[in-house]
Structures are given as structure tokens and as C-alpha cells.
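For reference, the chains in residue letters:
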Amino acid sequence: MSGLRNLAALATSASTSRVLNLNLVAKRYPNDPMRKKAPLFTDALLNRSILVKHRLRRDEVYLLPTSTTVATKIIFPLDFDNLELGGRSIFVNQKGFRQAICDVVGDRELELERDFLVLSLLNDLPSLDPFLVREQLRRNNHKPAECYFSISPADTSRMQNFTSAEMAPLIRMAFGSTRGNASGSGGMVGKLADALLSANADSLLDPLRETLGLQGDQFTQGIFSWKGFIYYKWQFSEMIQSLIRVTQEMDQMKPSGRNDAATREEIRVLKTSIRNRIRDAARNCSKVLALYDDAFADLVQRGNTAAFRRFLLEAPIFFLDLGHSMGMISHISSFWVYRFKGGSTELPTSEEFRDILSEFEMGLAPRQSYSQPW
């Protein structure tokens, strides 16, 4: 049984990278025909579950056959309308995982093969960012309804100003000739930012469709790519400040209890390695985002629509690099805030602090890049 307070908190969670709340999707889009036609999971209970990227505690590691620091937890609420009653949780790939799922949903393993494949694809990802999830599924021929990839209301609100500023040059370019004085299009910037952040682009984006020279599915894919890069730029800008605080607090942390010379040296080495790996991950994010910035600048400054259009259509693969780089450092930041709450009232022992740093270092280990030079 999961912790009641923690499960209830997920009901309004704004963490798009850590939580995929399918129960909330079902409540927000109860009559969406596409959700019924193209569900994320075919099983009704799985399609109302809550998926969480969960940093394993030491007493949970034994549940999984392979060494990992972050696991995908599936939570089945006891009551979909009252999460305070708790629920049953199962880790993807834990011992007896498939049978445990079958026991909960009441289906045979053969009937759940498609759902097990989707769970495997989600488990392979470092985070549950909507853009990363969508691209992972699309690349593997799964196309659930767009409502599953909506940004949470809390994050949408915080993204509004960032997105408006990002879009303003292109909006002036697209609407300048049809709306008169570009300086009077401030309201249009906000409306188009809302349209871009919605699950489906509406007719407000037609002038941008013409500007980008994209039609049909190409326009849908292009807008999604553009939305994805704006989202990651926003997330990255917020994450940097959080990482600065985390690394500062990590350096200042003075563990409690016994602290021999060997442990102190191990902690020092781990801190140095983590700082270097965080810096490398941040540089990788900056490098990929710079490709977008250059292509976008080429469009708004020189009117090079062909180059920007080609970038957007070829860009989704970059989401994997961005997601993997930011997913892990996002986990580090959120775990640190959760564990230490920005204060020193709950100091870890030297052994616990060493274990936390070891997990951080393992999670930040370099991985193969998916992207190719553009």
C-alpha cells in the first residue's frame, strides 16, 4: 500500500517529468472520443493508473533484478475519486511483475502484451516529460490520443510568459502584414502562445502554418517539435537555478554521526564527479538547444523558412538527448529538495550521504547519444 499522503499529493502534481497521472487525464477528458479510440493502455485499470519515476530507496533495491537508481512505479488507486485511501504499487520489471499486473487488472498475460510493451517503452525513458513520452511511443508505432501529452495546468501557466517572449519575433513576422502594426499584436501573442501550448493547434495557428510552409501531418509534427523545444528551453532555464542551489547545498552539507577519513575522501571524490557530470549534462542540453536557437534566428532574421521547416521535421530525435540529459538532473534536483527541504534539520549520516551521492553519480553516467549532426 502506498503512502496515503504521497498518493493524495499526486492528484494535483505539476511534475510533468516525474508523474504521468492517467487518472487525472480520464477526469479531464471524460468524453474525448480520441481518448476512447486511442487509449495509452488497452486495459481500463492500467489506463487509470498513476505512473511515477521513483528513486529507489535502499530497502526497495532488492525488488528489481538489475541495478538501477530510478524505477517506473505503477500505482493503482483503491478509489479513483479519493486518492487519500491509497493504492497498490508495482514496479515495472520487479520480480513477478507480469503476474502482479495480471492479478490487479484481472486479465491474462497474453491479453496484456501490447500494454506490457508500452510499459517497457516508458520504463526505458529517464523521465515522463510529455514530449519525450510521445516521441518514444511514436518511434515504436504507438500513437495514443493527444490528451495524454498535455502539459499540466500549473506548468502551462508558468510557461505562458516564457512562450510569449519566445514566439513574439515569429508572430510579428507571420502577422505583421495581415494585422497592421506589429506592436499592436500583444494580445495575439498571448492567444497564440495558448494555442501552441494546447494539446491540439487550432485555427489561430493558420498564419504560422503558411509561414512555415507546412501542411497536414507535417504541420502537426512541426508544431509539436517547436512546442517541444520551447518546453525544454523553459525547463532548462528553471532547472539551472535549482541545480546551482543543489550543488551549493551539497558542498556545504555536513553529515551527522561517525565520519572517518576514508568516508570523507570518498564523499569528496563523489562531489567532484557529480559536479563535473552535471556540468557535462548541462552543456549537452545547451548544445542541442543552440541548434534550435540558430535555426529559429535564421527564420526570423533572414526569413529562411525552408531551413527552419527542415529542422523542425528532423528535430524529434533531439528530444531523446534532451530528455535523457535533463531527466536525470531533474531527478537529482527534485530528490534533493524532497529529502532535505532546503534546510539542515534532517542531516543524513555519512553513510546515507555517501549512498545518495553514489546514486547521483550512477544516474549521471554518460550514455549513447541518439542524435546525429544536423
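See the structure above.
Residue indices begin from 1 for each chain and proceed along its sequence in written order. Local features in this predicted model are restricted to residues whose pLDDT is 70 or higher, and side-chain atom pairs enter the listing and the counts only when it is 80 or higher, whereas totals over whole chains, interfaces and linings include all residues. To get the side-chain values, take all heavy atoms of the structure and skip hydrogens and water.

J.: Just give me the short version of the packing of helix H11 (residues 261-302) against helix H14 (residues 350-363), but keep the residues and values in it.
T.: For the pair H11 and H14, interaxial distance at closest approach is 9 Å and the crossing angle is 30°. The orientation of H11 with respect to H14, classified from their angle, is roughly parallel. Crossing of H11 over H14 shows left-handed handedness. Each of Thr263, Glu266, Ile267, Leu270, Lys271, Ser273, Ile274 and Arg277 in H11 lies in contact with H14, whose residues at this interface are Ser350, Phe353, Arg354, Leu357, Ser358, Phe360 and Glu361. Of the residues that constitute the contact of H11 with H14, the class distribution is six nonpolar, four polar and five charged. To get an axis, a line is fitted to the C-alpha atoms, and for a helix only the part in contact is used. The angle between two axes follows their N-to-C directions and goes from 0 to 180 degrees. Secondary structure elements follow DSSP: runs of H or I of four or more residues count as helices, runs of E of two or more count as strands, with numbering from the N terminus. Oblique is the label for any angle not under 35 degrees, not over 145, and not in the 65 to 115 range, which are roughly parallel, roughly antiparallel and roughly perpendicular in turn. By convention the crossing between two helices is left-handed if the near helix lies anticlockwise of the far one by an angle smaller than a right angle, and right-handed if it lies clockwise. The criterion used for residue contact is that any of the two residues' heavy atoms lie within 4.5 Å. Polarity classes work like this: nonpolar for Ala, Val, Leu, Ile, Met, Phe, Trp, Tyr, Cys and Pro, charged for Asp, Glu, Lys and Arg, and polar for all others, with Gly in that last group.

J.: Describe the sheet that holds strand E2 (residues 50-55), and please don't skip the residues or the numbers.
T.: Ordered by their spatial adjacency, four strands build an open sheet running E1-E2-E3-E4, and the pairing between neighbours is antiparallel. Looking at which strands have only one partner, the edges of the open sheet turn out to be strand E1 (19-21) and strand E4 (87-91). Across the sheet, the mean angle from the axis of one strand to that of its neighbour is 25°, orientation sign disregarded. Across six bridges, E2 lies against strand E3 (residues 70-77) in antiparallel orientation. Any two strands with at least two DSSP bridges between them are considered paired.

J.: Account for the pairing of E2, with residues named and values stated.
T.: For each residue, the accessible area found with a 1.4 Å probe, counting protein chains only, is set against the maximum for its type, and the residue is called buried under 20%, exposed over 50%, and partly exposed in between. Most of E2 sits out of view: six of its six residues are buried. Neither face of E2 is open: one carries Ile50, Val52 and His54, the other Leu51, Lys53 and Arg55, and all of them are buried. For E1 and E2, the ladder comprises three bridges, and the chain directions are antiparallel. In the sheet register, Val19 faces E2, and the bridge partner there is Val52.

J.: Residues and numbers for the environment of Val61, please.
T.: Inspection of the secondary structure puts Val61 in the loop between E2 and E3. Looking at Val61, the relative accessible area reads 35%, which means it is partly exposed. Separated by 10 residues in sequence, Val61 and Ala71 have C-alpha atoms that sit 9.5 Å apart.

J.: With reference to specific residues and values, describe H11.
T.: A helix is expected to reach a length of 1.5 Å times the quantity of its residues less one. Its 42 residues place the ends of H11 60 Å apart at the C-alpha level, agreeing with the 62 Å of an ideal helix rising 1.5 Å per residue. The backbone nitrogen of Ala262 lies 3.1 Å from a side-chain oxygen of the residue at the head of H11, namely Asp260. In the segment just after H11, Gly303 is the residue with positive phi, at about 70°. Each polar contact in these results corresponds to two N or O atoms within 3.5 Å; when the atoms are within protein, one needs to be able to donate a hydrogen and the other to accept it, and residues that are neighboring in sequence are counted only if both atoms are side-chain atoms.

J.: Got a sec to walk through the pattern of salt bridges? Specific residues and values, please.
T.: A side-chain nitrogen of Lys or Arg and a carboxyl oxygen of Asp or Glu constitute a salt bridge if their distance falls within 4 Å. Per the counting criterion, the structure on display carries 13 salt bridges. In this structure, Glu113 engages Arg98 in a salt bridge whose closest nitrogen and oxygen atoms are separated by 2.8 Å. In this pair, Glu113 is assigned in helix H5 (residues 113-123) and Arg98 in helix H4 (residues 97-105), connecting sequence segments 15 residues apart. Arg310 is the partner of Glu314 in a salt bridge, and the nearest nitrogen-oxygen pair spans 3.9 Å. Of the two residues, Glu314 and Arg310 both sit in helix H12 (residues 305-314), four residues apart, roughly one turn of that helix. We classify Arg310 as partly exposed; its relative accessible area is 44%. Linked through salt bridges whose partners overlap, the residues forming this network are Arg98, Glu109 and Glu113.

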